[in-house]
Amino acid sequence: MNPKNLPLGINTLDKLRGSNCIYVDKTRLAFQLIKQPGAFFLSRPRRFGKSLFVDTLKEIFEGNQKLFEGLYIHDQWDWSRKFPVIKIDFAGGVLKNRQELDLRILDILHENAEHLGVSYKSTDIPGKLGTLIRKAMAKYGQRAVVLVDEYDKPILDNIDNPPIAAEMREGLKNLYSVLKQQDANIQFIFMTGVTKFSKVSLFSGLNQLTDITISRDFSTICGYTQEDLEQTFAQHLQGVDWDKLRLWYNGYSWRGESVYNPYDILLFIREGLEYGNYWFETGNPTFLVKLFQSNRYFLPNLEHVEVTEEILKSFEIERINPVTLLFQSGYLTIESTFTAMERYMFRLKIPNQEVKVALGDQLVNAYTDFVEEKLGIQRPLYEYLFQGNVSGFLDTVRRLFASIPWRNFTNNDLANFEGYYASVLYAFLSSLNARIIPEDITNYGQADITAILGDHIYVMEIKVVDGENVKENLALKQIREYNYAQKYRGEPGKTVHEVGLVFSRSKRNLIQADWE
């Protein structure tokens with residue numbers, strides 16, 4: 001029996017089901033959402049299957065029963081009820097100002113009116129949408145369903161230009177505010193995008209919108225589970241190393257079962273089970289990296305981020321939190337939850353090897369301005385660390401900082417902040433896929449960075465001084481005095497190295513390095 005086709009680039013259920021493509025059945029979760037009237041919001045990273053899920057909802061509400069033969073919802077839904085569906089989708093093209101946004105909205109509303117066979121005479125956007133909803137209900141005898149895909153794209157496309165992004169936000173607010181007013185005429189609302197803006201800034205008045213982004217019940221609404229791969233994709237994944245596949249592409253979690261990114265899996269299969277940075281390469285985190293630089297973010301902190309729910313859900317143009325953007329964009333995910341100070345807290349992590357290595361590469365580029373020189377540093381770093389050659393590792397670190405084109409930092413003081421040297425080392429170590437434990441806590445204190453590669457453990461302390469000469473290595477002294485490496489001693493098959501690094505602000509390089 002020939003395996004079914006891969007649904008690469010297909011975001012409509014009708015096309016997918018009519019092309020003998022694999023479909024991972026999400027209709028059980030869809031049924032949980034739509035079995036009674038409601039209004040829901042979902043945030044997920046790009047290329048996670050949001051658009052296909054929105055289209056699935058559209059086909060259910062429009063009563064296209066034949067598409068759902070063999071799926072969970074087929075015998076659960078009342079197909080005799082057909083709802084008028086208004087679909088608003090901002091996925092196509094880039095809108096550069098409020099005028100272009102308003103014109104796009106008018107086009108979208110006109111297309112929906114034609115599809116539903118209704119007309120309106122209102123002149124303004126809120127009036128047109130309100131009339132469209134009322135007339136659709138009157139014609140079909142059922143309350144309207146409103147589905148919004150990529151609701152935030154006009155804002156995100158202009159996020160590096162805050163005044164324009166704010167204009168876009170006000171334009172979208174003008175549109176979405178109608179939904180509260182038309183509540184009596186609406187059966188169901190579903191909005192999805194990458195980011196989550198506060199209700200005050202974008203969803204003013206739309207208090208009935210329930211955010212299911214980190215709901216355990218809907219954690220697998222987008223993405224593929226392990227069971228999905230082992231059953232639905234079994235023919236395509238014969239002979240795969242499941243542990244390696246999980247390490248590379250699984251790990252995305254929203255408080256429930258972790259999932260794989262669908263785009264990664266489909267490209268992995270298409271490319272003959274070859275591992276690559278498929279998802280990461282379709283996006284450009286340039287703005288995010290610039291945000292790290294301007295905020296002088298201490299990069300090793302990415303390994304142990306702890307935040308409140310407010311940070312995960314609150315995205316504001318005027319004060320963008322890098323951690324919020326990292327989480328909502330898929331570069332961080334939920335590892336666990338706990339309670340502290342009588343508040344519900346989230347511990348975040350980088351989801352998998354693909355994101356860790358590729359993000360490390362991007363951060364290396366940004367913090368060093370390396371492009372071609374990067375591989376010439378990464379390769380010996382990896383080899384020396386893997387072999388336990390501390391002297392070779394330190395020589396490469398010196399060459400690394402000596403190669404940085406410092407003239408490119410003349411317009412900012414990025415290289416002068418205390419955490420710069422640790423951040424550069426962290427970025428390089430991440431790009432090598434070393435296991436990194438930043439600010440490694442022991443009973444006696446904490447080391448700046450602990451890196452584990454192969455059979456070697458490197459406990460490192462970093463000091464930054466103003467001059468060019470030091471009498472003693474205070475970094476190594478601190479490691480010894482506080483016994484930072486003690487917790488690793490005795491690990492079978494592991495060699496522990498204590499490494500003290502002293503950097504000079506004036507020389508912008510390593511001036512003293514000692515180890516044991």
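Treat the numbers as computed from the prediction; the structure is a model and nothing was measured.

## Observations regarding the overall build of the chain
Step number 1: Secondary structure assignment for the chain yields 18 helices and 13 strands.
Step number 2: Summarising its shape, the C-alpha atoms of the chain cover approximately 85 × 55 × 45 Å along the three principal directions.
Step number 3: Every one of the 516 residues in the chain was classed for burial, and the buried ones make up 56%.
Step number 4: As presented, the chain carries roughly 22500 Å² of accessible surface, and 45% of it is formed by carbon and sulfur atoms.
Step number 5: One way to put it: in the chain the 59 positive side-chain charges average out to a point 4 Å from where the 65 negative ones average out.

## Concerning the pattern of salt bridges
Step number 1: In this structure the tally under the stated criterion is 17 salt bridges.
Step number 2: Salt-bridge contacts for Asp395 lead to Arg398; the nearest nitrogen and oxygen are separated by 3.2 Å. Here the residue Asp395 and the residue Arg398 both occupy positions in helix H16 (residues 390-403), the gap between them amounting to 3 residues, near one helical turn.
Step number 3: Assessed through its relative accessible area of 44%, Asp395 is described here as partly exposed.
Step number 4: Here Glu498 and Arg489 are joined by a salt bridge, their closest N and O atoms 2.8 Å apart.
Step number 5: Among the ionic contacts, a cluster of salt bridges with common partners joins Arg169, Glu170 and Glu318.

## Structural notes on unusual backbone geometry
Step number 1: Look at Glu342: it is not a glycine, yet its phi comes out positive at around 60 degrees.
Step number 2: Positionally, Glu342 belongs in the loop between strand E7 (333-340) and strand E8 (343-349).
Step number 3: You can call Glu342 exposed: its relative accessible area is 81%.

## Examining the sheet that holds strand E6 (residues 305-308)
Step number 1: Pairing in this open sheet of 3 strands is antiparallel, and the strands run E6-E8-E7 from one edge to the other. Strand pairing shows two members of the sheet lacking a second neighbour, E6 and E7, which therefore form its edges. Between one strand axis and the next, the sheet turns through 30 degrees on average, direction left out of account.

## Points about the packing of H16 against helix H17 (residues 420-431)
Relative placement of two packed helices is described by the angle separating their axes and the distance separating the axes.
Step number 1: One way to put it is that H16 packs onto H17 with a least axis distance of 12 Å and a crossing angle of 110 degrees. Between H16 and H17, the angle is such that the two are roughly perpendicular. H16 and H17 meet at a crossing whose hand is right-handed. Between H16 and H17, the residues in contact are Val397, Leu400 and Phe401 and Tyr420, Tyr421, Val424, Leu425 and Phe428, respectively.
Step number 2: Split by residue class, the contact of H16 with H17 holds 8 nonpolar, no polar and no charged.

## A short note on the packing of aromatic side chains
Step number 1: Taken as a whole and assessed by the stated rule, the structure comprises 32 aromatic pairs.
Step number 2: Centroid distance Phe61 to Phe83: 5.4 Å. Interplanar angle 90 degrees. Geometry classified as edge-to-face. Note that Phe61 is positioned in helix H3 (residues 50-61) and Phe83 in the loop between H3 and strand E2 (85-89), a separation of 22 residues in sequence. Residue Phe61 shares its accessibility class with Phe83, and that shared class is buried.
Step number 3: Taken together through their ring pairs, the aromatic side chains of Phe48, Tyr252, Trp254, Trp279, Phe280 and Tyr331 make up a single cluster.
Step number 4: The ring of Trp254 has Arg44 sitting right over it, with the charged end atom 3.9 Å from the ring centre.
Step number 5: Here the guanidinium or amino end of Arg47 rests over the ring plane of Tyr263, the centre of that ring lying 4.3 Å away.

## Examining the sheet that holds strand E1 (residues 38-43)
Step number 1: With respect to topology, 5 strands assemble into an open sheet ordered E2-E3-E4-E1-E5, the strand pairing being parallel. Looking at strand neighbours, the two that pair on one side only are E2 and strand E5 (210-211), the edges of this open sheet.

## Considerations on the environment of Leu6
Step number 1: With respect to the helices and strands, the residue Leu6 is situated in the segment before helix H1 (13-17).
Step number 2: Between the C-alpha atoms of Leu6 and Ile22, which are 16 residues apart in sequence, the distance is 5.9 Å.
Step number 3: Once residues within four sequence positions are removed from consideration, Leu6 is found in contact with Cys21, Ile22, Phe233, His236, Leu266, Ile269 and Arg270.

## Some thoughts on the nonpolar core
Step number 1: Counting 146 residues, the largest nonpolar core has Leu33, Phe188, Phe190, Leu348, Phe401, Leu501 and Phe503 as its most contacted members.
Step number 2: When residues in this core are grouped by element, the largest group, 9 residues, is from H17.
Step number 3: Not counting the four nearest positions on each side in its chain, Leu501 is found in contact with Leu394, Leu425, Met460, Glu461, Ile462, Lys463, Asn473, Ala475, Leu510, Gln512 and Ala513.
Step number 4: In terms of nonpolar packing, the next biggest core, distinct from the first, is built from 18 residues, Leu229, Leu245, Tyr263 and Leu266 among them.

## Concerning the side chain of Asp152
Step number 1: Structurally, the position occupied by Asp152 is in the loop between strand E3 (144-149) and helix H6 (153-156).
Step number 2: One buried charged residue, Asp152, forms no salt bridge at all, with the nearest opposite charge on Lys50 at 7.4 Å.
Step number 3: A polar contact is formed between the side chain of Asp152 and the side chain of Thr195, at a distance of 2.6 Å.
Step number 4: With residues up to four places along the chain from it excluded, the contact list for Asp152 reads Gly193, Val194, Thr195 and Phe197.

## Considerations on the state of the cysteines
Working definition of a disulfide: a covalent bond connecting the sulfur atoms of two cysteines.
Step number 1: Inspection of every chain in the model, using the stated rule, returns 0 disulfides.
Step number 2: Left unpaired, Cys21 is separated from the closest cysteine sulfur, that of Cys222, by 18 Å.
Step number 3: Note on Cys21: relative accessible area 7%, which makes it buried.
Step number 4: Residue classification places Cys222 among the buried positions, given a relative accessible area of 2%.

## Re H16
Step number 1: With 14 residues, H16 should reach 20 Å at 1.5 Å per residue; the first-to-last C-alpha distance of 20 Å fits that figure.
Step number 2: For H16, every residue scored as buried is listed here: Val390, Gly392, Phe393, Leu394, Thr396, Val397, Leu400 and Phe401.
Step number 3: Buried positions along H16 lie against helix H15 (374-387), H17, strand E11 (456-465), strand E12 (495-504) and strand E13 (509-515).

Reading the values: the criteria
Residues numbered from 1 in each chain as written. Predicted model: local features only at pLDDT ≥ 70, side-chain atom pairs only at ≥ 80, totals over all residues. Heavy atoms only, no water. Helix = DSSP H or I, 4+ residues; strand = E, 2+ residues; numbered from the N terminus. Buried < 20%, exposed > 50% of the residue type's maximum accessible area, 1.4 Å probe, protein only. Areas by Shrake-Rupley, 256 points an atom, 1.4 Å probe, with all protein chains shown as cover. Lys, Arg positive; Asp, Glu negative; His and termini not counted. Charge placed at Lys NZ, Arg CZ, Asp CG, Glu CD. Salt bridge = Lys/Arg side-chain N within 4 Å of Asp/Glu carboxyl O. Pairing = 2+ DSSP bridges. Axes fitted to C-alpha atoms, helices over the stretch in contact; angles between N-to-C directions. Parallel < 35°, antiparallel > 145°, perpendicular 65-115°, else oblique. Left-handed = near helix turned anticlockwise from the far one by under 90°. Contact = heavy atoms within 4.5 Å. Nonpolar A, V, L, I, M, F, W, Y, C, P; charged D, E, K, R; others polar. Phe/Tyr/Trp six-rings, centres within 6.5 Å; stacked < 30°, edge-to-face > 60°. Lys NZ or Arg CZ within 6 Å of the ring centre and 35° of its normal. Core = buried A, V, L, I, M, F, W, Y, C linked by side-chain atoms within 4.5 Å. Polar contact = N/O pair within 3.5 Å; in protein donor to acceptor, adjacent residues only side chain to side chain. Disulfide = S-S within 2.5 Å. Expected span 1.5 Å × (residues − 1).

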